[in-house]
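Working through the structure, step by step
So you can see what is in the structure, the chains are spelled out below.
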Amino acid sequence: MRTVELVCSPGLEVAVRAVWGRLAAAGLPSLARNIHPTNRPHLTLAAVDDFPPGVDSRLAELFDAALPVPVTLDRVVVLDGSAPLVWLVRPTPALTALHAAVWDVLAEADGHRPWHAPDAWVPHLSLALRFRNADLRLARGVAGGQRPTGTFDAARSYDGTDRSVTPLTRHG
């Protein structure tokens, strides 16, 4: 599997990692416990089985023209289905347009994950995986009520086969 992800500006990444740390310190599930070097706050735009030839360069051109994109984080919620604890991202017109453009570039790819499709996508930054709804109130208290802002200033692809990351921006 290959993903297309936006990564946070330094200040926004610090804010998300701080919540990861506070969740872990409170004894709650948290991505702070994932020490793999590729683990960092990110917004997944798409996931496919593999990239067709030339897609890397087309995505790099797209991101180099579109980034940075301003971002504001919203509420902390537990998503239905797989039950991750997430920080919702407010979908701006620029972010929504960039998401649709990524899907256009990936139109010929096999194995699109449907939860990232433009009509189903819930933009978010993950805070913890396999989270219990019963702990949501405590998690919201630990996360605090702030609504951090920043930018998505670079893009990358994660390869689930070898757990590696490839930059999708030429600058940044």
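Coordinates for the structure precede this section.
Report on the accompanying structure.

Cut-offs used in this document
Residues numbered from 1 in each chain as written. Predicted model: local features only at pLDDT ≥ 70, side-chain atom pairs only at ≥ 80, totals over all residues. Heavy atoms only, no water. Salt bridge = Lys/Arg side-chain N within 4 Å of Asp/Glu carboxyl O. Helix = DSSP H or I, 4+ residues; strand = E, 2+ residues; numbered from the N terminus. Axes fitted to C-alpha atoms, helices over the stretch in contact; angles between N-to-C directions. Parallel < 35°, antiparallel > 145°, perpendicular 65-115°, else oblique. Left-handed = near helix turned anticlockwise from the far one by under 90°. Contact = heavy atoms within 4.5 Å. Nonpolar A, V, L, I, M, F, W, Y, C, P; charged D, E, K, R; others polar. Pairing = 2+ DSSP bridges. Polar contact = N/O pair within 3.5 Å; in protein donor to acceptor, adjacent residues only side chain to side chain. Core = buried A, V, L, I, M, F, W, Y, C linked by side-chain atoms within 4.5 Å. Buried < 20%, exposed > 50% of the residue type's maximum accessible area, 1.4 Å probe, protein only.

**Considering the pattern of salt bridges**
- In this structure the tally under the stated criterion is 9 salt bridges.
- Asp74 is the partner of Arg90 in a salt bridge, and the nearest nitrogen-oxygen pair spans 3.6 Å. Here Arg90 is found in the loop between β4 (85–89) and α3 (93–105), whereas its partner Asp74 is found in strand β3 (residues 69–78), with 16 residues between them in sequence.
- Among the charged side chains, a salt-bridge network with shared partners connects Arg2, Asp50 and Asp56.

**Quick notes on the packing of helix α1 (residues 10–25) against helix α4 (residues 136–143)**
- The geometry of α1 relative to α4 is characterised by a closest axis approach of 9 Å and an angle of 130 degrees between their N-to-C directions. Considered as vectors, α1 and α4 are oriented oblique to each other. The way α1 lies across α4 gives a crossing that is right-handed. Across the interface between the two elements, Val19, Arg22 and Leu23 of α1 pack against Ala139, Val142 and Ala143 of α4.
- When the residues that make up the contact of α1 with α4 are grouped by side-chain class, the tally is 5 nonpolar, no polar and 1 charged.

**A few points about the pairing of strand β6 (residues 149–159)**
- Across 5 bridges, the pairing between strand β1 (residues 2–8) and β6 is antiparallel. Residue pairing for β6: Leu6 is matched across the bridge by Ala155.
- One ladder, built from 4 bridges, connects β3 with β6; its direction is antiparallel. Across the sheet, the residue bridging to Thr72 is Thr149, located in β6.
- As judged from the 4 bridges shared by β6 and strand β7 (residues 164–167), these two strands associate in the antiparallel manner.

**Remarks on the side chain of Glu5**
- As for its position among the elements, Glu5 is in strand β1.
- At 3.5 Å, the side chain of Glu5 and the side chain of His42 are in polar contact.
- A polar contact of 2.5 Å, which involves the side chain of Glu5, links it to the side chain of Arg156.
- If we skip the residues at most four places from it in the chain, Glu5 touches His42, Leu43, Thr44, Ala154, Ala155, Arg156 and Tyr158.

**Quick look at unusual backbone geometry**
- In this structure, Pro68 follows Leu67 across a cis peptide bond, with omega equal to 10 degrees.
- Here Pro68 is to be found in the loop between α2 (55–66) and β3.
- Backbone geometry places Arg163, a non-glycine residue, at a positive phi of 55 degrees.
- Relative to the assigned elements, Arg163 resides in the loop between β6 and β7.

**Some remarks on the nonpolar core**
- Grouped together as the largest cluster of nonpolar side chains are 49 residues, with contacts concentrated most on Leu6, Leu59, Phe63 and Leu85.
- Setting aside chain neighbours within four positions, we find Phe63 in contact with Val4, Leu6, Leu45, Leu98, Val102, Ala155, Leu168 and Thr169.

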